[in-house]
Amino acid sequence: MKIVSYRDEAGGSRVGVVVDDAVIDATGLLRPQAGGTSAMRRLLEDGRPLEDILSGLDGDPMPLDDLRLDPIVPDPGKIIAAPVNYFDHKAEMQEAYHVDSLGLFLKAPSSVIAAGEHIRLPYTDRRFDQEGELALVIGRRASHVTTEEALDHVAGYTLLLDITMRGGEDRSTRKSFDTFTPIGPFLVTPDETGPLASLRLRTWVGGELRQDADIADLIWDVPQLIAYASSVMTLHPGDVITTGTPAGVGQIGHGDRVAVAIEQLGRLEVGVTSEGAVACPTKGATTGPRPPATVTPVRAR
Ligand code: MN
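Conventions and cut-offs
Along every chain, residues carry numbers that run from 1 in the direction the sequence is written. Residues qualify for local features only when their pLDDT is at least 70, as the model is predicted, and side-chain atom pairs are given and counted only at 80 or more; totals for whole chains, interfaces and linings, by contrast, use all residues. For side-chain calculations, the full set of non-hydrogen atoms in the structure is used, while hydrogens and water are omitted. By the criteria applied, helices consist of DSSP H or I runs no shorter than four residues and strands consist of E runs no shorter than two, each listed in order from the N terminus. When a residue's accessible area, from a 1.4 Å probe over protein chains only, is under 20% of the maximum for its type it is buried; when over 50% it is exposed; and in between it is partly exposed. Contacts were defined at the residue level, with two residues in contact if any of their heavy atoms lie within 4.5 Å. A domain assignment, automatic or from a database, supplies the domain bounds used here. Accessible surface is computed with a 1.4 Å probe, and the buried area is the amount of it that two parts give up when combined, taken over both parts together. Any Lys or Arg side-chain nitrogen located within 4 Å of an Asp or Glu carboxyl oxygen qualifies as a salt bridge. In the analysis that follows, any N or O atom pair within 3.5 Å is treated as a polar contact, provided that within protein one partner can donate a hydrogen and the other can accept it, and provided that, for residues neighboring in sequence, both atoms belong to side chains. Whether two strands pair depends on DSSP finding at least two bridges between them. To get an axis, a line is fitted to the C-alpha atoms, and for a helix only the part in contact is used. The angle between two axes follows their N-to-C directions and goes from 0 to 180 degrees. Computed over the protein atoms alone on a 1 Å grid, cavities are sets of points where a 1.4 Å probe fits but cannot get out and pockets are open sets with protein on both sides within 12 Å along at least five of seven lines; a residue lines them when it has an atom within 4 Å of a point. Grid points are joined across faces, edges and corners, and a volume is the space filled by probe spheres set on the points. Counted as coordinating are nitrogen, oxygen and sulfur atoms within 2.8 Å of the metal, or 3.2 Å for Na, K and Ca, while water is not included, which may make sites look incomplete. UniProt positions are given in the numbering used here, feature names are shortened, and annotations may be inferred rather than shown by experiment. Gly falls in the polar group here, along with every residue not listed as nonpolar (Ala, Val, Leu, Ile, Met, Phe, Trp, Tyr, Cys, Pro) or charged (Asp, Glu, Lys, Arg).

A. The arrangement of the overall build of the protein in detail. Looking only at helices and strands, the protein has eight helices and 20 strands in total. Principal axes of the C-alpha set define a box for the protein whose edges measure 55 × 45 × 35 Å. Burial analysis of the protein (301 residues in total) assigns 54% to the buried set. Counting only contacts in the protein whose residues sit at least 6 apart along the sequence, the fraction spanning at least 24 positions is 75%.

Quick look at the structure:
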């Protein structure tokens, strides 16, 4: 099943099921919940299997292209990210360590944007890069789960761009600016993705293919990431874990279009603007992990 988050004309949060190029509104099937949580969070927090909740689906299909999409989870409780989780990215960044020494880091939940929106670069004098990634959304509370149990806690998979300011500031700062986490466009349930190791991820900036990688090349695979994350912090429905980026990171700038795709998950594309950018108030530009000066062409790897 392919699920989408969107806004109605009054700005209300809704979820729908995608059938071909159309969407059927499923918001009416959700239990009411106090507070301002999104329809997607209400769906994930319901406790019943998604297919049971959505089995009552009826209604008129609406063209997908007519909808104003939301980030697939508009209000994630947390976004957990893997710092260096492909060997080719470790090499291009001249990093001494990878995920099994570094552990995980957090991106601000307020940094999410939807497909079709714009990344806003905050500074005129710093480098910003794209990182295309496979991400997963938690569907069932997880605490100290084993790798064997881990996938039972996944609601589905989606695409994520981990937009990054290069330099020596803490990762949680460099990757948490508002708009720095495009996520979506769909939540695809595990029965529709096929084996994760068979997925191929590609990222483009403008017409240039920058990243082309097999998910099978993750240093820590999805079950390992979930098991480890759940040993540090309790995972709740709607939490996002993003799995890290392969080689091919590179600079983005005003006017660029950035897209990441995995065939089974669709394509997430956003714009980039530096409108309103100012001088950076911190001094990390020349310290921290070093990205390559130019993008390594995909075919040369
Ligand atoms: Mn990343």
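B. View of the domain arrangement of the protein. When cut into domains, the protein gives domain 1 (2-69) and domain 2 (79-273). A separation of 24 Å is found between the C-alpha centroids of domain 1 and domain 2. Opposite the 11 residues of domain 1 that make contact, domain 2 presents 14 residues. Taken together, the two surfaces of domain 1 and domain 2 that pack against each other cover about 970 Å², and 71% of this comes from carbon and sulfur. Looking at the side of domain 1 facing domain 2, the largest losses of area belong to Lys 2, Leu 44 and Leu 69, adding up to 58% of the total buried there. In this assembly, domain 1 and domain 2 are joined by zero salt bridges. The interface formed by domain 1 and domain 2 includes one residue pair in polar contact (both at pLDDT 80 or more). Where the side of domain 1 that touches domain 2 is concerned, the elements lending two or more residues are β1 (2-7) and α1 (39-45). A total of four residues in the side of domain 1 that touches domain 2 trace back to one element, the largest contributor, which is α1.

C. Region of the structure containing the sheet that holds strand β9 (residues 118-120). Within the open sheet, the five strands sit side by side as β9-β20-β19-β15-β16. Their pairing is mixed. Across the chains shown, the open sheet's two edge strands, defined by having one partner strand only, are β9 and β16 (208-214). Each adjacent strand pair in this sheet contributes to an overall mean axis angle of 20°, direction not counted. Where strand β19 (residues 257-262) lies against strand β20 (residues 266-273), six bridges are found, and the strand directions are antiparallel. Pairing of Ala 259 across the sheet is with Glu 269, part of β20.

D. Empty space enclosed by the protein, seen in detail. Using the criterion set out here, one finds one cavity of 30 Å³ or more in the structure. Here the largest cavity is characterised by a volume of approximately 70 Å³. Forming the boundary of the largest cavity are Pro 83, Val 84, His 89, Met 93, Glu 95, Glu 131, Arg 166, Arg 171, Arg 174, Lys 175 and Pro 289.

E. Summary view of the coordination of the manganese ion. Distances from the manganese ion to its protein donors, namely Glu 131 (OE), Glu 133 (OE) and Asp 162 (OD), fall within the range 2.0 to 2.1 Å. Donor residues for the manganese ion sit on one chain with the sequence pattern E-x1-E-x28-D. By the burial criterion, Glu 131 is buried, and Glu 133 matches it.

F. Here's a closer look at unusual backbone geometry. For the peptide bond that leads from Gly 184 to Pro 185, omega is -5°, which places it in the cis range. Structurally, Pro 185 is set in strand β14 (residues 181-188). One non-glycine residue, Gln 94, lies in the positive phi region at around 50°. Here Gln 94 shows up in the loop between α3 (87-92) and α4 (99-102).

G. Spotlight on the sheet that holds strand β10 (residues 128-130). Read across the sheet, three strands follow the order β13-β10-β18 without closing on themselves; strand pairing throughout is antiparallel. At either margin of the open sheet sits one strand with a lone partner, and together these are β13 (164-165) and β18 (250-251). In the sheet, β10 pairs with β13 via two bridges, with the strands oriented antiparallel. Its bridge partner lying in β13, Asp 129 is registered against Thr 164.

H. A look at the pairing of β20. Of the pairings in the sheet, the one linking β9 to β20 comprises three bridges and is parallel in character. Its bridge partner lying in β20, Ile 119 is registered against Val 272. Here β19 folds back onto β20, and the loop between the two strands holds three residues.

I. View of the UniProt feature "domain: Fumarylacetoacetase-like C-terminal" (unreviewed entry) in the protein. In the numbering used here, UniProt assigns the "domain: Fumarylacetoacetase-like C-terminal" (unreviewed entry) feature to residues 78-272. As a span, residues 78-272 carries 17% helix and 36% strand, and end to end its C-alpha atoms are 24 Å apart.

J. Region of interest: the layout of surface pockets. Looking at the largest pocket, its volume works out to about 350 Å³. Around the largest pocket, the lining is made up of 16 residues, and of these Arg 48, Pro 49, Leu 50, Val 154 and Ala 155 lie nearest the centre. Counting only elements with at least two residues in the lining of the largest pocket, the list comes to α1, α2 (50-54), β12 (154-161) and α7 (190-193). Of the residues belonging to the lining of the largest pocket, the class tally is seven nonpolar, three polar and six charged.

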